[in-house]
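# Structural description and commentary
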Amino acid sequence: LARIQTDNVVMMLRELYPDLHFEIVAMSTTGDKILDTALSKIGEKSLFTKELENALERNEVDLVVHSLKDLPTSLPPGFTIGAVCKRENPLDAVVFHPKNCGKTLSLLPEKSVIGTSSLRRAAQLKKKFPHLEFRDIRGNLNTRLKKLDEKEDFSAIVLAAAGLKRMGWENRIGQLLDPEDCLYAVGQGALAVEVRAKDQEILNMVSALHDADTVLCCIAERAFMKRLEGGCSVPVAVNTLLKDGQLYLTGAVYSLDGSDSLKETMQTSVTYPHQNEDGPNDDVQHVGITAKNVPGQAQEAAENLGVELASLLLSKGAKHILSVARQLNDA
């Protein structure tokens, strides 16, 4: 999947800059190597990014393609997200074992086991489908689908629809989980291109890939997550909608079993003209994103929306829910 995502970005860049030569360097990360432990238990924030950032720092590569949801809300100094590409469907999808073809989660027999490595998915789905059991499943998409199909351990697994779509496996999606059933992860479905913050040439080049709507939605989501100090060790979930110049953000926090939760929605206007400001203001980062071709005021409004929504949840007791979830997960 990482390779396909990189190929997609390079293909877009080649179309924009036919005279440039792009060379793809394949690398594996800590997150790719540790497959016998739940992501939430490894506790390393830059699980899928550190090795790649080291190569970026040493000038061995000029840009790195990530799933935006893998990137921490605070990047190490010297790096920035220079492009956020148009978002693929951000929803979660259920892939069923061949024997359960045509079913939905609610129709699975009592005590059916569902595989997911995400605390966020498990917390929401346990509450919604109390008759099901949830168990960890790790590995890349190919590995997880193989585990599902070849063994009888799982009745179904839950994955991001975007990944399945990019792999060309959309036909495996048995059920799309609507936000009423399962809010998605911050940044899910969007690809990010990380670059050196001071490398103006590369920054200018990749900024052509920015999708303004996706940028604003993801800034709001990342600001929400950052203010909550959430990560993959706590269940934090979102849903964003940009319509008629209004950005709507729904955010929620959950206890590990989903029994305790807080969920709110707020909105803000993001209709601002683009001002050409020369000088240092060009490179203002919003939660790690440098988007030169998206109005700065709109980015600010999106970031404030995320912060305000998180502050509202914190004032209602989100901190307690999250610290209990953290302690239980660590234990």
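In this convention, every chain numbers its residues from 1, walking through the sequence in written order. Predicted model: local features are reported for residues with pLDDT of at least 70 only, side-chain atom pairs are reported and counted for 80 or more only, and whole-chain, interface and lining totals are derived from all residues. The side-chain figures draw on all heavy atoms in the structure; neither hydrogens nor water molecules are used.

Identification of the protein chain as Porphobilinogen deaminase from Erpornis zantholeuca is taken from an unreviewed UniProt entry. UniProt positions are given in the numbering used here, feature names are shortened, and annotations may be inferred rather than shown by experiment. Regarding the protein chain, the relevant UniProt record gives this comment under Pathway (unreviewed entry): "Porphyrin-containing compound metabolism; protoporphyrin-IX biosynthesis; coproporphyrinogen-III from 5-aminolevulinate: step 2/4." Quoted verbatim from the Catalytic activity (unreviewed entry) field of UniProt, the annotation for the protein chain is "4 porphobilinogen + H2O = hydroxymethylbilane + 4 NH4(+)".

### Some words on the domain arrangement of the protein chain
Start and end positions for the domains come from either an automated domain assignment or a database one. Domain boundaries assigned for the protein chain yield domain 1 (1-88 + 186-330) and domain 2 (92-176). A separation of 25 Å is found between the C-alpha centroids of domain 1 and domain 2. A simple way to read buried area is as the amount of 1.4 Å-probe accessible surface that goes missing from two parts once joined, with both sides added. Taken together, the two surfaces of domain 1 and domain 2 that pack against each other cover about 1900 Å², and 58% of this comes from carbon and sulfur. What makes a salt bridge here is a side-chain nitrogen of Lys or Arg within 4 Å of a carboxyl oxygen of Asp or Glu, nothing more. Viewed at the interface, domain 2 and domain 1 are joined by 1 salt bridge. For E88, the salt bridge is made with K165, and the minimal N-O distance between the two is 3.1 Å. We define a polar contact as two N or O atoms separated by no more than 3.5 Å, with the added condition that, inside protein, one atom must be a possible hydrogen donor and the other a possible acceptor, whereas residues neighbouring each other in sequence contribute only through side-chain atom pairs. Run the count over domain 1 and domain 2 and you get 6 residue pairs in polar contact (both at pLDDT 80 or more). Taken together, the elements giving at least two residues each to the side of domain 1 that touches domain 2 come down to helix 1 (2-16), helix 3 (39-42) and strand 9 (236-243). Put simply, DSSP marks the helices as runs of H or I at least four residues long and the strands as runs of E at least two long, and each gets a number from the N terminus on.

### A few points about the nonpolar core
Core analysis: the biggest nonpolar cluster contains 45 residues, and L68, I81, F224, L228, V236 and V253 have the highest contact counts within it. Secondary-structure elements contributing two or more residues to this core are strand 2 (79-84), helix 9 (212-228), strand 9, strand 10 (246-254), helix 10 (296-315) and helix 11 (318-330). The element that contributes the greatest number of residues to this core is helix 9, accounting for 10 residues. Residue contacts are counted whenever heavy atoms from the two residues lie within 4.5 Å of one another. When residues no more than four places from it in sequence are discounted, the contact partners of I81 are L68, L71, L75, A192, V193, E194, R222, G288, I289 and T290. Throughout this description, the term nonpolar core refers to a set of buried Ala, Val, Leu, Ile, Met, Phe, Trp, Tyr and Cys residues connected via side-chain atoms within 4.5 Å. When a residue's accessible area, from a 1.4 Å probe over protein chains only, is under 20% of the maximum for its type it is buried; when over 50% it is exposed; and in between it is partly exposed. Counting 15 residues, the second-largest nonpolar core is a separate cluster that includes V65, A83, C85 and V206.

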